[in-house]
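So the chains spell out like this:
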Amino acid sequence: MTYAQTTSWMFARLPMYQNQGKSAYKTDLTNTIKLDCYLGHPHSNFKSIHIAGTNGKGSTSHMIASVLQEAGYKVGLYTSPHLKDFRERIKINGKEIQKSFVINFIEKHREFFELNDLSFFEMTVGMAFNYFAEKNVDIAVIEVGLGGRLDSTNIITPKLSVITNIGFDHTDFLGNTIAKIAYEKAGIIKSNVPVVIGETNSESRTVFLEKSKLLNASISFADQQTWPEMECDLKGNYQKKNIKTAMSSLNQLVKLDFKISERHLKNGLRNVIKNTGLKGRWQILNERPFTVCDTAHNAEGLATVLEQLLAIDFKVLHIVFGVVNDKDLQKIIPLMPVEASYYFCKPNVIRGMNQYELQSKFLNYGINGKAYESVSLALNAAQEASNEDDIIFIGGSTFVVAEII
């Protein structure tokens, strides 16, 4: 098969949360463990850092990877979802996995995947771990896909566990209280492995302290520590919290005898995009009119992005907005500015919410807008209606952003 045929098979034949949502979510690690045994336990052949959290885990993963690269390490990076190409999920020192590796891995193991009905995510985790082992990475930064306790990545015993924060997202899987969600995220805390918590919350703090005590895992809270101001090429205001989490995590790695200097830290944070290829985080697409996109897709994430957006001087704010159909809009819509021009759209995934349904839900809150069949049509309409002194924001979903960058 060609690379295009291979990825088409992967997307079409295997359950995938990106398209299907809850039906692709597995409630145990049986398949992942079975695949790991079949592949010969590749995750045992490299050191790792495990990163979970409601928001910021992707940015924090890329920051840590960038600094480690500056320190001279060969760094694997596993994140999800991808924006444009499947290979974005699996990188070494910022370079995406080779197309040939993807093709050969699928061809070699396709029968096993089909026989055991593996999910898209289970298979992809297996591919990443196999790739990092074969390429002899010094360390791999592994981002949790969803939750933590039951996530397919949670077969590793890392050198460090990191939980960025706890917020309300994917509550149909993880629970509808901070404590329940924290319990799922705390599932990545391992025996005698230090854990860094990015943001302190009274409810989640209790859960994390209890779990770390039970497992004799030293715990530190990044936002309760004092860190120097550091310049970063990721310019979203919310990145200040992620920078603290990354710095606290890197400080723990130094204690574990990783050789990371202040110069490595500074250069790594200044060159996250260059070193890792991260996209979609407060990504400025145009200066006049100022056009920016962001993958924030839950109440906590969008609140911070909107705060930064509304602090900019503008005449008219144009918002191109789309979501997936399991999104809790009751928490999101009240955050959205009433005084803005809205362009509702459906992201091109099965789970994408119909643009007219989205329009209707906003109307219930007194917010009017026009509906468009696609993200590109919505963006074109916003561009045609805008003047140089306006702002255009594109967001609401990772999949909306993926279509315009």
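First things first, this report covers the structure right here in the doc. The structure displayed is predicted, hence computed values, not measured ones.

### Focus on unusual backbone geometry
Of note, the bond from Ser 80 into Pro 81 is cis; its omega dihedral lies within 30 degrees of zero at -5°. By the secondary structure assignment, Pro 81 is in the loop between strand S2 (75-78) and strand S3 (90-92). Residues other than glycine seldom take positive phi values, yet Asn 216 does so here, at roughly 55°. Position of Asn 216 among the secondary structure elements: in the loop between helix H9 (202-214) and strand S8 (219-221).

### Quick word on the sheet that holds S8
Spatially, 8 strands are ordered S4-S3-S2-S5-S1-S6-S7-S8 in an open sheet, and the strand pairing comes out mixed. Single-partner strands in this sheet number two, and they are strand S4 (95-96) and S8. The pairing of strand S6 (residues 160-163) with strand S7 (residues 195-197) spans 3 bridges and is parallel. Counterpart to Val 162 in the pairing with S7 is Val 196. Sheet contacts for helix H4 (residues 57-70): strand S1 (47-52), S2 and strand S5 (139-143); angle to S5, the most-contacted strand, approximately 170°. Sitting on the sheet, helix H6 (residues 120-134) is in contact with S2, S3, S4 and S5, with an inclination near 15° to S3.

### Describing the pairing of strand S12 (residues 341-345)
Taken across its 5 residues, S12 has 4 buried, putting it largely inside the fold. In this structure, S12 lies alongside strand S13 (residues 369-372), joined through 4 bridges in parallel fashion. Paired with Tyr 343 across the strands is Lys 370, a residue of S13. Traced from S12 through helix H15 (residues 355-363) to S13, the parallel crossover comes out right-handed.

### Considerations on the sheet that holds S12
One open sheet accounts for 6 strands, arranged S9-S10-S14-S11-S12-S13; its pairing is mixed. Of all the strands in the sheet, just strand S9 (283-287) and S13 have a single pairing partner and so form its edges. Strand-to-strand twist in this sheet, taken as the mean axis angle between neighbours without regard to direction, amounts to 15°. The sheet contacts of H15 involve strand S11 (317-321), S12 and S13, and relative to S12 the element is tilted by about 145°.

### Observations concerning the nonpolar core
The biggest cluster of nonpolar side chains holds 34 residues, and the ones touching the most others in it are Met 10, Phe 113, Met 127 and Phe 132. Put simply, the parts of the chain that give this core at least two residues each are helix H1 (3-13), helix H3 (30-39), S3, helix H5 (99-116), H6 and S5. Top contributing element to this core by residue count: H6, with 10 residues. Residues contacting Phe 113, with those up to four places away along its chain left out, are Trp 9, Leu 35, Phe 105, Ile 106, Leu 118 and Met 123. Among the nonpolar cores identified, the runner-up in size contains 31 residues, and Val 162, Phe 258, Leu 265 and Val 272 belong to it.

### Observations concerning the packing of aromatic side chains
Following the criterion strictly, the structure yields 17 aromatic pairs and no others. Aromatic side chains Phe 101 and Tyr 131 sit 4.8 Å apart centroid to centroid with 70° between the ring planes, which places their arrangement in the edge-to-face category. With a gap of 30 residues between them, Phe 101 in helix H5 and Tyr 131 in helix H6 connect regions that are remote in the sequence. As far as burial versus exposure is concerned, Phe 101 and Tyr 131 are alike and both buried.

Conventions used here
Residues numbered from 1 in each chain as written. Predicted model: local features only at pLDDT ≥ 70, side-chain atom pairs only at ≥ 80, totals over all residues. Heavy atoms only, no water. Helix = DSSP H or I, 4+ residues; strand = E, 2+ residues; numbered from the N terminus. Pairing = 2+ DSSP bridges. Contact = heavy atoms within 4.5 Å. Axes fitted to C-alpha atoms, helices over the stretch in contact; angles between N-to-C directions. Buried < 20%, exposed > 50% of the residue type's maximum accessible area, 1.4 Å probe, protein only. Right-handed = clockwise from strand over helix to strand, strands pointing away. Core = buried A, V, L, I, M, F, W, Y, C linked by side-chain atoms within 4.5 Å. Phe/Tyr/Trp six-rings, centres within 6.5 Å; stacked < 30°, edge-to-face > 60°.

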